[in-house]
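# Summary of the model geometry
Chain residues, written in single-letter form:
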Amino acid sequence: MANSLANQLMKNEIEALAQQVFPGKKKVYMRAAKALLNGVVATGRTLLCKLAETLPKGETSLKGRQELLSGWLWSHDFCTPIRDYLWQNACALTQRDSIIAIDATDISKAYGGRGIEGMAMGWDGSRKVKAMGYDALAAGLVHGRRTVPFCFDLYAGRKGLPEKERELLKELHNTLGDKGILVADRGFDSLSTLSYAHSLGHRTVIRLKTLTRDLFASTRPLHECMAEAPGFTATLRSQSRKITAQLHYRQGYLQHCGAHLPILLVSSTFGGTTLFLYALNFLPPNATAQDLRTAALTAANAYFNRWSIETFFQDLKGQFTIEETRVLRFQRFRNLISIALLAYTLLAHVIPHGPTFKKLHKLMKDNFLEISSALRPFLSNLRQLLALPLSLIHI
């Protein structure tokens, strides 16, 4: 009884979300979308053989069900409506000083990958080895315990994404206006990307990768110049922790294509490590000493919160095993990743803020052995994404 109630609650959430994400779609499309989403949520996997086990068994064999899933992934576009929904949802939550983390990652195959459309050999940053895979580019709003994704865009090949990075910066700026602070890691530290970010006029923080640029018309090393700059001790805070850091800041100029672009350079030292950050478009004309200090603290704290998107990558890859996905066509792969992204959103952000979570909690408290054995992957992912203690959700 409890098991069927829990399953029904989950299906109700999937039905409601599907109606929001895929409005006006035909019955065949909706059946495919809901079946795929239900499979990923219920199993925590993106393997077709596992997803096929969640389809009704009376219609055809297990192999026939796998072929049905494969056909859906080939003939339908789930990527576009899911991206549109996620983008609109994240935009609605973004405030003036919200932090939006942007980063590139990869989807790599631990073994094999040859023969899969669009896969190429490249560096797997997670395992520190070369592997076959795809490039990906993501943006996420730092909001609560888990990132609210704007997008997770997958690209064939492993050639880097400098043009796509600039396109994403532009898309965020055009959508958000002056809301939000864009934060990126060292991969965005190219003169062309820095110049482009500066031209947009959006507040942007980018960590330095190249420490040899002459930003202060000085022949001295960067760390020496910054050590003599004005500084103060500050507390940096994220959703999960806070630290004490020593901040220094100094105005300088970035030279590119004959132009001298004004920037604020910030150094943030904590735990024996010093990070150097470009703070672009933070200062008003004729900035005062207080303006500089405030901008330095805001930029350092924004970058301190950037780790949220790394956790998002870990969640997506770990909780839904997307790197185990075995499909030969790029279209099918993109669709499966999009469905996994929607499953993440359902578990991390939709269910926790609705009545279903309280009902599930009560069912599991009263019938946890029955519920946990039937819905183990679902409950495990829910607990992991919400960082809930084992005493609250038994698995």
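What counts, and where the lines are drawn
- Residues numbered from 1 in each chain as written.
- Predicted model: local features only at pLDDT ≥ 70, side-chain atom pairs only at ≥ 80, totals over all residues.
- Heavy atoms only, no water.
- 1 Å grid on protein atoms, 1.4 Å probe; cavity = no way out; pocket = protein on both sides within 12 Å on 5 of 7 lines; lining within 4 Å.
- Points joined across faces, edges and corners; volume = space filled by probe spheres on them.
- Helix = DSSP H or I, 4+ residues; strand = E, 2+ residues; numbered from the N terminus.
- Nonpolar A, V, L, I, M, F, W, Y, C, P; charged D, E, K, R; others polar.
- Salt bridge = Lys/Arg side-chain N within 4 Å of Asp/Glu carboxyl O.
- Buried < 20%, exposed > 50% of the residue type's maximum accessible area, 1.4 Å probe, protein only.
- pLDDT = per-residue confidence, 0-100.
- Contact = heavy atoms within 4.5 Å.
- Phe/Tyr/Trp six-rings, centres within 6.5 Å; stacked < 30°, edge-to-face > 60°.
- Lys NZ or Arg CZ within 6 Å of the ring centre and 35° of its normal.
- Disulfide = S-S within 2.5 Å.
- Pairing = 2+ DSSP bridges.
- Polar contact = N/O pair within 3.5 Å; in protein donor to acceptor, adjacent residues only side chain to side chain.
- Axes fitted to C-alpha atoms, helices over the stretch in contact; angles between N-to-C directions.
- Left-handed = near helix turned anticlockwise from the far one by under 90°.
- Core = buried A, V, L, I, M, F, W, Y, C linked by side-chain atoms within 4.5 Å.
- Expected span 1.5 Å × (residues − 1).

## Section: the layout of surface pockets
Size it by volume and the largest pocket reaches roughly 1,000 Å³. If you go around the largest pocket, you meet 33 residues; those closest to its centre are D103, A104, T105, D185 and E310. Counting only elements with at least two residues in the lining of the largest pocket, the list comes to β1 (99–108), β2 (120–124), β3 (129–141), α9 (289–304) and α10 (307–319). Broken down by element, the lining of the largest pocket gets its largest block of residues, 5 residues, from α10. A class-by-class count of the residues in the lining of the largest pocket yields 11 nonpolar, 7 polar and 15 charged.

## Considering the pattern of salt bridges
Taken as a whole and judged by the stated rule, the model has 16 salt bridges. Where K34 meets E15, a salt bridge forms, and the shortest distance between an N and an O atom there is 2.7 Å. Of this pair, K34 sits in helix α2 (residues 27–43) while E15 sits in helix α1 (residues 2–21), placing them 19 residues apart in sequence. In this structure K34 comes out as partly exposed when scored by relative accessible area, which is 24%. The partly exposed category is assigned to E15, whose relative accessible area is 30%. A salt bridge links E171 to R83, with the nearest nitrogen and oxygen atoms 3.0 Å apart. Taken together, the residues E171 in helix α6 (residues 162–176) and R83 in helix α5 (residues 79–93) connect sequence positions 88 residues apart. By relative accessible area, E171 is classed as partly exposed at 29%.

## Quick look at the confidence of the model for the protein chain
A residue-level look at the protein chain finds 87% of positions with pLDDT of 70 or above and a mean pLDDT of 87. Here residues 388–395 is a poorly scored stretch, pLDDT under 50, and it has 21 contacts once near neighbours within four places are set aside; other chains count.

## A word on the packing of aromatic side chains
Throughout the structure, instances matching the rule amount to 12 aromatic pairs. Between F22 and F78, the ring centres sit 6.2 Å apart and the planes meet at 75 degrees, which makes this aromatic pair edge-to-face. Of this pair, F22 sits in the loop between α1 and α2 while F78 is found in the loop between α4 (62–75) and α5, placing the two residues 56 residues apart along the sequence. On the basis of an interplanar angle of 75 degrees and a centroid distance of 6.3 Å, the ring pair of F152 and F312 is categorised as edge-to-face. With F152 in strand β4 (residues 148–155) and F312 in helix α10, this pair connects stretches of sequence that are 160 residues apart. Taking relative accessible area as the criterion, F152 reaches 10% and is therefore assigned buried. Here F312 falls in the buried class, since its relative accessible area comes to 1%. Connected via pairs of aromatic rings, a cluster forms that spans F152, F312, F313 and Y344. The ring of F216 has R250 lying over it, and the distance from NZ or CZ to the ring centre is 4.4 Å.

## A few points about the state of the cysteines
All told, the structure shown has 0 disulfides when counted by the stated rule. Here C151 is not cross-linked by a disulfide; its sulfur's nearest cysteine counterpart is in C91, at 10.0 Å.

## Re the pairing of β3
Among the 13 residues in β3, 11 count as buried, and that is most of the element. Here β1 runs beside β3; their pairing, made up of 9 bridges, is antiparallel. The partner of I107 across the bridge, within β3, is Y134. Summarising the sheet, β2 and β3 pair through 5 bridges and their orientation is antiparallel. Along β3, the bridge assignment pairs W123 with K130.

## Considering the pairing of strand β7 (residues 231–237)
Because side chains alternate across β7, one face comprises the buried residues F232, A234 and L236, and the other comprises G231, T233, T235 and R237, none of which is buried. Counting the residues in the hairpin turn of β7 and strand β8 (residues 242–256) gives 4 residues.

## Describing the side chain of D189
Topologically, D189 is positioned in the loop between β5 (181–184) and α7 (191–200). Reaching out from D189, the side chain makes a polar contact with the backbone nitrogen of K209 at a distance of 2.5 Å. Apart from residues lying up to four places away in sequence, D189 is in contact with L194, I206, R207, L208, K209, T210, R213 and Y278.

## Some points on the packing of α2 against α4
Running from N to C, α2 and α4 cross one another at 115 degrees; their axes reach a closest spacing of 10 Å. With respect to the hand of their crossing, α2 and α4 are arranged in left-handed fashion. Contacts from R31, A32, A35 and L36 in α2 reach L68, L69, W72 and L73 in α4. Its residues assigned to classes, the contact of α2 with α4 shows 7 nonpolar, no polar and 1 charged.

## With respect to the nonpolar core
Ranked by size, the top nonpolar core spans 58 residues in total, and within it F22, F78, F152, L154, F312, L316 and F320 carry the most contacts. With 13 residues, helix α11 (residues 330–350) is the single largest residue contributor to this core. Setting aside its immediate chain neighbours within four residues, F152 contacts T105, I107, A136, L137, A138, F312, F313, L316, I337 and L341. In terms of nonpolar packing, the next biggest core, distinct from the first, is built from 37 residues, W87, A90, C91 and C225 among them.

## Quick word on α5
With 15 residues, α5 extends 21 Å from end C-alpha to end C-alpha; this agrees with the ideal 21 Å at 1.5 Å per step. Within α5, the full set of buried residues consists of C79, P81, I82, Y85, L86, W87, A90 and C91.

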